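Breakdown of the fold
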Amino acid sequence: MIWKGGFAGSMLLMLTACSPARVEPPLADAAAIARGKAAAARLGCGACHDMPGIDWPKGRVGPPLATFGKRGLIAGQFPNDLPILAVFIRDAPLVVPESAMPPIPMTAREARDIASWLQSLRD
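Computed from a prediction, not measured in an experiment: that's the story for all the values here. (Residues numbered from 1 in each chain as written. Predicted model: local features only at pLDDT ≥ 70, side-chain atom pairs only at ≥ 80, totals over all residues. Heavy atoms only, no water.)

Details of the nonpolar core
Grouped together as the largest cluster of nonpolar side chains are 25 residues, with contacts concentrated most on Met51, Leu85, Ile89, Ile114, Trp117 and Leu118. Of all elements in the fold, only α2 (30-42), α3 (82-90), α4 (92-95) and α5 (108-120) reach the threshold of two or more residues within this core. When residues no more than four places from it in sequence are discounted, the contact partners of Met51 are Ala40, Ala41, Cys45, Gly46, Lys58, Leu65 and Trp117. (Core = buried A, V, L, I, M, F, W, Y, C linked by side-chain atoms within 4.5 Å. Buried < 20%, exposed > 50% of the residue type's maximum accessible area, 1.4 Å probe, protein only. Helix = DSSP H or I, 4+ residues; strand = E, 2+ residues; numbered from the N terminus. Contact = heavy atoms within 4.5 Å.)

Following this line, the structure appears as structure tokens:
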């Protein structure tokens, strides 16, 4: 595979190259998790993803997000680490240029909160 991640992708790779992927990242505080779930619903992530606890819509374009916190990798390439996940959520093509997930207009805090919520999904 040829690396096409650009500067941001290279930085993410450098941040993760020396440490093994954790299967279960630490949980964020309950407030960040609640804000993340609300932000994911408000920003329409369900248009592409089936998201637990969000009844509609039930998108089928992207992968279902149930048990996301148990996944070891993001997009099959990067450790499921909160800072990396937050960047990916906000601008997936910046990290993985061939990603079908578009950049999503959101604040850095919303991205961190959504990442916190996703990492809390373990059942």
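Focus on the environment of Ile104
Mapped onto the elements, Ile104 comes out in the loop between α4 and α5. With sequence-adjacent residues up to four places away left out, Ile104 is seen in contact with Ile89 and Arg90.

Observations regarding the pattern of salt bridges
Scanning the entire structure with this criterion turns up four salt bridges. Glu110 is the salt-bridge partner of Arg42, the closest N and O atoms lying 2.6 Å from each other. Here the residue Arg42 occupies a position in helix α2, and Glu110 occupies one in helix α5, the gap between them amounting to 68 residues. In this structure Arg42 comes out as exposed when scored by relative accessible area, which is 54%. What makes Glu110 buried here is its relative accessible area of 18%. When the shortest N-O distance is used, the salt bridge between Arg109 and Asp113 registers 3.7 Å. With Arg109 and Asp113 both in helix α5 and four residues apart, the pair spans about one turn of that helix. Asp113 gets classed as buried once you look at its relative accessible area, which sits at 7%. A single salt-bridge network, built from bridges that share partners, covers Arg35, Arg109 and Asp113. (Salt bridge = Lys/Arg side-chain N within 4 Å of Asp/Glu carboxyl O.)

Structural notes on α2
Every α-helical turn comprises 3.6 residues, leaving residues that sit three or four positions apart pointing alike. Here α2 spans 18 Å end to end across 13 residues, near enough to the 18 Å set by a 1.5 Å rise per residue. Those residues of α2 that fall on the buried side of the exposure criterion are Ala32, Ile33, Gly36, Ala39 and Ala40. Relative to the axis of α2, the buried residues are bounded by an arc of 125° and lie together on one face. Seen from the open side of α2, the exposed residues pointing more than 90 degrees away from its buried face are Ala30 and Arg42. Residues of α2 that are buried in the fold lie against α5. Between a side-chain oxygen at the N-terminus of α2 and the backbone nitrogen of Ala31 the separation is 3.0 Å; the capping residue is Asp29. (Expected span 1.5 Å × (residues − 1). Arc of directions from axis to C-beta. Polar contact = N/O pair within 3.5 Å; in protein donor to acceptor, adjacent residues only side chain to side chain.)

Function cannot be read off these values alone, since they describe shape.
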